[in-house]
Amino acid sequence: MLQGLGVGEQDECVYVELLRRRRATADELSTAVQLPVEAVTGALARLAGLGLATGDKAGLHNAVPPDVGLGTLVVQQQTTLQQAQRRLAELTDVYRTGAASAMSEVEALTTPEELATWVDNIERGAKQELLAFFKPPYVLDGDLEVTTDVPSYRFVYERSALEDPRTPAEIARFLAGGYQIRLVNELPSKMIVMDRQIVLLPMLPDQTGIDPGFLLVRGQSLVRLLVDLFERVWQVATPLQLSATSLVEGGPAWDDFDIKLLTYLLSGMPDKSAAARLGTSERTVQRRIKRLMELSGTDSRMQLAWYAARSGLIAP
């Protein structure tokens, strides 16, 4: 528990026992924690170095109260973190104004390693929204890995992507997590957009491999144009839904998960309780509700529940 403060598991065990006794010898602590005397002696030395214990010539060791000793370590960690954050801001400014990016707000990625690194950074760095165009053939091996911490995922697949036998299962997995998926006959390009701040796309619209490279776009005007492109495609794309046995194109399709969720919603059950009942996360429940509201054209949870009851999907 204290490893983040530099206190190892064995050292913490010795420290806790020393706190119980207030003062003790290495032999007494060795017997109490069932560790060799040499290990306890080493732990006491490390604890003393961290300001969590003191010792005297008679071999007695005293515990420094945790609000004093650990409090000091916490303050030191906070200071170090603040310094690192300031340095991060400084280095970011250096990078933005340096030779690598002085010419433009667009950076070229020309190797598989650069591309894979930035795809990973975008996946892990998204905080609000992740948008994507999926257009075969895929350049990198493996699926786009997403977390449950981002409020909104919207993906558009080109219809030809369904020819890959792995794609329906991938889409079904995304839909089950509450992501919004749509389908179009043809996409203008591959593309990933993170939080409307960073866009990754190939240099050529019909590019089938790494060459000649990918573009990392961070300029406000360019990002806005590309987000507008995504929104235009999204508006004309066909929603995909998950039925009991397959993917379904078109209007609202309610699966068993949706019906149970709506039943809990109508009963006034909190999201956290509904998530526990459904065996999923609270974030997934919130995403599913948001998606159902968009599909049904409703503006509130009350309207959504009324719509579901009126449609005969759930009993009022």
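Residues numbered from 1 in each chain as written. Predicted model: local features only at pLDDT ≥ 70, side-chain atom pairs only at ≥ 80, totals over all residues. Heavy atoms only, no water.

### Here's the deal with the sheet that holds strand 2 (residues 53-55)
Turning to step 1, where the next piece is worked out: Taken together, 3 strands build an open sheet; the order of strands is 1-3-2 and the sheet is antiparallel. Each edge of the sheet is formed by a strand with only one pairing partner; in this case those strands are strand 1 (23-24) and strand 2.
Turning to step 2, where the next piece is worked out: The pairing of strand 2 with strand 3 (residues 61-63) spans 3 bridges and is antiparallel. Within strand 3, the residue paired with Ala53 across the bridge is Ala63. (Pairing = 2+ DSSP bridges. Helix = DSSP H or I, 4+ residues; strand = E, 2+ residues; numbered from the N terminus.)

### What to know about the environment of Gly219
Turning to step 1, where the next piece is worked out: Of note, Gly219 is situated in the loop between strand 10 (214-217) and helix 7 (220-236).
Turning to step 2, where the next piece is worked out: Between the C-alpha atoms of Gly219 and Val199, which are 20 residues apart in sequence, the distance is 9.3 Å.

### A closer look at the nonpolar core
Turning to step 1, where the next piece is worked out: Ranked by internal contacts, the top residues of the largest apolar core, which has 27 residues, are Ile122, Leu130, Phe155, Tyr157, Ile181 and Leu200.
Turning to step 2, where the next piece is worked out: Ranked by residues supplied to this core, first place goes to helix 5 (residues 112-125) with 4 residues.
Turning to step 3, where the next piece is worked out: Not counting residues within four places of it along the chain, the set of residues in contact with Ile181 comprises Phe155, Tyr157, Ile171, Phe174, Leu175, Trp234, Thr238, Pro239 and Leu240. (Core = buried A, V, L, I, M, F, W, Y, C linked by side-chain atoms within 4.5 Å. Buried < 20%, exposed > 50% of the residue type's maximum accessible area, 1.4 Å probe, protein only. Contact = heavy atoms within 4.5 Å.)

### Considerations on the packing of helix 8 (residues 256-266) against helix 9 (residues 271-278)
Turning to step 1, where the next piece is worked out: Helix 9 packs onto helix 8 with a crossing angle of 145 degrees between their chain directions and a minimal axis gap of 10 Å. Between helix 8 and helix 9 the crossing geometry is right-handed. Residue-level contacts link Phe257, Lys260, Leu261 and Tyr264 of helix 8 to Ala274, Arg277 and Leu278 of helix 9.
Turning to step 2, where the next piece is worked out: Considered class by class, the residues forming the contact of helix 8 with helix 9 number 5 nonpolar, no polar and 2 charged. (Axes fitted to C-alpha atoms, helices over the stretch in contact; angles between N-to-C directions. Left-handed = near helix turned anticlockwise from the far one by under 90°. Nonpolar A, V, L, I, M, F, W, Y, C, P; charged D, E, K, R; others polar.)

### Focus on the packing of aromatic side chains
Turning to step 1, where the next piece is worked out: Here the structure, examined in full by the defined rule, presents 9 aromatic pairs.
Turning to step 2, where the next piece is worked out: Ring centres 5.5 Å apart and planes at 55 degrees place the aromatic pair Phe174 and Tyr179 in the tilted group. In this structure, Phe174 and Tyr179 share a single accessibility class: buried.
Turning to step 3, where the next piece is worked out: Through pairs of rings, three or more aromatic residues link up here, namely Phe134, Tyr153, Phe155, Tyr157, Phe174 and Tyr179.
Turning to step 4, where the next piece is worked out: Directly above the ring of Trp234 sits Arg154, whose terminal nitrogen or CZ lies 5.1 Å from the centroid. (Phe/Tyr/Trp six-rings, centres within 6.5 Å; stacked < 30°, edge-to-face > 60°. Lys NZ or Arg CZ within 6 Å of the ring centre and 35° of its normal.)

### Notes on the pairing of strand 8 (residues 191-194)
Turning to step 1, where the next piece is worked out: Alternating positions in strand 8 separate into two faces, Met191 and Val193 on one and Ile192 and Met194 on the other, with burial throughout.
Turning to step 2, where the next piece is worked out: Bridge count between strand 5 (residues 129-134) and strand 8: 4 bridges; the pairing is antiparallel. Note that in strand 8 the partner of Leu131 across the bridge is Val193.
Turning to step 3, where the next piece is worked out: In the sheet, strand 8 pairs with strand 9 (residues 198-202) via 3 bridges, with the strands oriented antiparallel.

### Notes on the pairing of strand 10
Turning to step 1, where the next piece is worked out: Here strand 4 (residues 106-109) pairs with strand 10 via 4 bridges, running antiparallel. In the strand pairing of strand 10, Leu109 is matched with Phe214.
Turning to step 2, where the next piece is worked out: In the sheet, strand 9 pairs with strand 10 via 4 bridges, with the strands oriented antiparallel. Among the inter-strand pairings, Leu200 is bridged to a residue of strand 10, identified as Leu216.

### Concerning helix 3 (residues 37-49)
Turning to step 1, where the next piece is worked out: With 13 residues, helix 3 should reach 18 Å at 1.5 Å per residue; the first-to-last C-alpha distance of 18 Å fits that figure.
Turning to step 2, where the next piece is worked out: The set of residues buried in helix 3 consists of Val40, Ala43, Leu44 and Leu47. The buried side chains of helix 3 occupy one side of the element, clustering within an arc of 100 degrees when seen end-on. Along helix 3, exposed side chains directed more than 90 degrees from the buried face belong to Glu38, Ala45 and Gly49.
Turning to step 3, where the next piece is worked out: Against helix 1 (9-21), helix 2 (26-33), strand 2 and strand 3 lie the buried residues of helix 3.
Turning to step 4, where the next piece is worked out: Just beyond helix 3, the residue with positive phi is Gly51, at close to 80 degrees. (Expected span 1.5 Å × (residues − 1). Arc of directions from axis to C-beta.)

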